[in-house]
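Summary of structural features
Now for the letters of each chain:
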Amino acid sequence: MCGLGLLAATGTASAHGGSLAGGGRESLTIPTWLFLSTGGAAVGASFLLASFVTDRAFIERIHGWGRPLSGEFERVLGLVGQLIGVVGLAAVLVIGFVGPTTARTNLAILLVWVGWWAGLAMTTYLLGNAWATLNPLKTLADLLPTLDRSYPDRVGSWPAVAGLLVLVWLEVVSPLADQPRLLASAVAGYSVVTLAGALVFGPDDWFTQADPVERVFRYYGRFAPIGRGEDGLRLRLPGMDLSTPRLVDGPDEVAFVVALLWVTTYDGLVTTPAWRDLTTPLVEPGVPPHLLYPVALAIGFGFFLGVYRLAVRLSSDISDTYLTPAVLAQRFAPPLIAIAVGYHFAHYLGYFLVLAPSLAVALASPFADPATVPTLELPEWFGAIALTSVIVGHLVAIWVAHAAAYDLFPARLQAIRSQYPFIAVMVFYTMTSLWVVSQPEVALPHL
């Protein structure tokens, strides 16, 4: 709730996290309908290929492959990681409040948006979840006393769902990427709320259930090739851990996965010309612009969740199974994480590369305020990487859902039939994501 007060106090917002890069998406030179239909057809074809040329033994070999990586230095690396996380939090707070006021030279701005939300998030699904160790609030919470009140089971992960939506709304509509003092205040407010929750309910329950950031990185980490198993760190094939049973447990966790997928889409959607054209007729008669963004966020989340639940009900009917729709919803939600990964990579890779030199300069001289800062110029063909990552994320999602179906249903045709509604939903998600990525990026309208 601290962030809501900060937003109200700032008045009109000027940018969101992606504004630092200064560039943006470029429009395609091929017809949009051809591009989108090709992407959707690729997803559908991958489903047919996975369905008819694989068997259970092959799937088990793929998902069961792994190598142990734990070593004697794991504990030492953990302590170093905790120290780095605490130092990073201190740097954001100190330099955010007393450092340069220019966004592109302030280390707090660059560290949060370029180093953390773009760079560290990408390493989480490309390598492994280092945030589980780096998280400075978890380190501090472990040092503080706790009241150890019982966390209410009925509440579950719904605070994390609401927290994720609120955080992304603030990231989009508020000038957190432009005003270091405001960003430091928001980080301080979030830290207070998080440590208070850990103090009341204990760090384990709070970070497992209620903290949205911890859950985002935990889910992203399940896509990564390096993860923690019963015998310590283990190397595995990327995305294969998403087929693990009970990775998503309950309607609240299903809602969080769908929210994660939706907010990655929403973050790009509001910078498209289509959003500007849609909202202009509403703003001109006097509808408050600040009202449109949270309403669109809530409606879009409800729509994405409704489409997924419809697919679950159709899958239950088509597969003629004794399994309840709730069980199917939980089992087939993790593949959506692969889609969110693909879109996050598409949305933030270029942003990270462009501003990485600026981050390096700010790290070397955190209190300096140079007139110019270095940035990287990306080649024209770079946009193809973003489009490819969206497709790859959806292809991995198709495979993981296929593996989950074989694990759930005894008959092969029953498993294949159960996927028909989910494939339709994934094609819809694919074409939506590709459409957003293919649109030229414009400044947030009316803010």
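Residues numbered from 1 in each chain as written. Predicted model: local features only at pLDDT ≥ 70, side-chain atom pairs only at ≥ 80, totals over all residues. Heavy atoms only, no water.

So, the overall build of the protein
Let me state the cut-off plainly: The way it works is that DSSP assigns letters per residue, a run of H or I at least four long becomes a helix, a run of E at least two long becomes a strand, and they are numbered from the N terminus. Contact definition: two residues touch when any of their heavy atoms are within 4.5 Å.
When helices and strands are counted, the protein shows 19 helices and three strands. Taking contacts inside the protein between residues at least 6 apart in sequence as the whole, the part at least 24 apart equals 84%.

What about unusual backbone geometry?
Filter applied, for reference: Each residue gets one of three labels from its accessible area relative to the maximum for its type: buried under 20%, exposed over 50%, partly exposed in between, using a 1.4 Å probe on protein chains only.
Even without being glycine, D148 reaches a positive phi, approximately 55°. Summarising the element assignment, D148 is placed in the loop between α7 (136-143) and α8 (158-173). You will see that R246, though not glycine, has its phi angle at about 65°, which is positive. Along the polypeptide, R246 turns up in the loop between β3 (232-236) and α12 (251-269). Classification of R246 by relative accessible area gives exposed; the value is 61%.

A closer look at the nonpolar core
Buried together is how nonpolar side chains tend to be arranged in soluble globular proteins. Where we set the bar: Each nonpolar core is a collection of buried residues, namely Ala, Val, Leu, Ile, Met, Phe, Trp, Tyr and Cys, held together in the definition by side-chain atoms within 4.5 Å.
One finds W113, Y266, Y293, F301, Y308 and F332 to be the most contacted residues of the largest nonpolar core, which totals 115 residues. Contact partners of F332, with chain neighbours within four places excluded, come to Y308, A401, A404, A405, L408, F409, S418, Q419 and F422. Y343, A346, V390 and I391 belong to the second-largest nonpolar core, a separate cluster that totals nine residues.

Topic: helix α16 (residues 335-364)
Note the following rule: Take the residue count of a helix, subtract one, and multiply by 1.5 Å to get its expected span. A residue's bend is the angle separating two fitted axes: one through the seven residues that end there, the other through the seven that start there.
Its 30 residues give α16 an end-to-end C-alpha distance of 40 Å, which sits within 8% of 44 Å, the value for a rise of 1.5 Å per residue. Where α16 bends most, at L355, the angle is about 45°, and the proline P357 comes one to four residues later. Counting buried residues along α16, 22 of its 30 residues qualify, which places the element largely inside the surrounding structure.

As for the environment of L199
Assignment of secondary structure puts L199 in helix α9 (residues 180-201). Between the C-alpha atom of L199 and that of L147, which follows or precedes it by 52 residues, the distance is 6.0 Å.

Re the packing of α16 against helix α17 (residues 383-408)
The geometry of a pair of packed helices is captured by two quantities: the angle between their axes and the separation between those axes. Just so we agree on the cut-off: Axis definition: a line fitted to C-alpha atoms, over the contacting stretch in the case of helices. Angles run 0 to 180 degrees between N-to-C directions. Roughly parallel here means an angle under 35 degrees, roughly antiparallel means over 145, roughly perpendicular means 65 to 115, and every remaining angle is called oblique. Residues were grouped as follows: Ala, Val, Leu, Ile, Met, Phe, Trp, Tyr, Cys and Pro as nonpolar; Asp, Glu, Lys and Arg as charged; and all remaining residues, including Gly, as polar.
Relative to each other, α16 and α17 sit at 170°, their axes nearing to 7 Å. When the axis of α16 is compared with that of α17, the two are roughly antiparallel. Contacts between α16 and α17 involve P335, A338, I339, G342, Y343, F345, A346 and L349 from the first element and I385, A386, S389, V390, G393, H394, V396, A397, V400 and A401 from the second. Split by residue class, the contact of α16 with α17 holds 14 nonpolar, four polar and no charged.

Some points on the packing of aromatic side chains
Operational definition: Here a pair means two rings of Phe, Tyr or Trp (six-membered ring of Trp) with centres within 6.5 Å. Their orientation is stacked below 30 degrees between planes, edge-to-face above 60, and tilted elsewhere.
Counted by the stated rule, this structure contains 18 aromatic pairs. Note on W116 and W117: the rings are 5.6 Å apart at their centroids and 40° apart in plane angle, and the pair reads as tilted. One aromatic cluster in this structure is built from W262, Y266, F303, F304 and F428.

Quick word on a nonpolar patch on the surface
Quick note on the threshold: The patches described consist of residues with a relative accessible area above 30% and no salt bridge, like charges being joined within 9 Å and nonpolar side chains (Val, Leu, Ile, Met, Phe, Trp, Tyr) within 5 Å. Every accessible area reported is derived by Shrake-Rupley at a probe size of 1.4 Å, with residue values counting cover from the shown protein chains alone. In the sections that follow, a salt bridge refers to a side-chain nitrogen of Lys or Arg positioned within 4 Å of a carboxyl oxygen of Asp or Glu.
On the surface, V94, F97, V98 and F367 cluster together into a nonpolar patch covering about 390 Å² of accessible area. For F97, the location among the structural elements is in helix α4 (residues 74-98). On the basis of relative accessibility, which here comes to 39%, the residue F97 falls in the partly exposed class.

Considerations on the side chain of S157
Assignment of secondary structure puts S157 in the loop between α7 and α8. By relative accessible area, S157 is classed as buried at 0%. Beyond its immediate sequence surroundings of up to four residues, S157 is in contact with Q209, R215, D252 and E253.

Here's the deal with the pattern of salt bridges
Enumeration over the complete set of coordinates arrives at seven salt bridges. Between R215 and E253 there is a salt bridge, with its nearest N and O atoms 3.9 Å apart. With R215 in helix α11 (residues 212-223) and E253 in helix α12, the pair connects residues that are 38 residues apart, well separated along the chain. Taken as a pair, R215 and E253 share a single burial class, namely buried.

Observations concerning the environment of D320
With respect to the element layout, D320 can be found in the loop between α14 (289-319) and α15 (325-332). Considered as a pair, D320 and R417 are 97 residues apart in the sequence and their alpha carbons are 9.4 Å apart.

Quick look at the confidence of the model for the protein
Spelled out, the test is: pLDDT gives the predictor's per-residue confidence on a scale running from 0 to 100.
Per-residue pLDDT for the protein has a mean of 84; in total, 83% of the residues score no lower than 70. Here residues 1-16 is modelled with pLDDT under 50, and outside its nearest four sequence neighbours on either side it reaches 38 contacts, counting other chains as well.

Topic: the environment of F345
As for its placement among the helices and strands, F345 is situated in helix α16. According to the relative accessible area criterion, F345 is buried, its value standing at 19%. With residues near it in sequence (within four places) discarded, F345 still touches M122, Y125, L126, I385 and S389.

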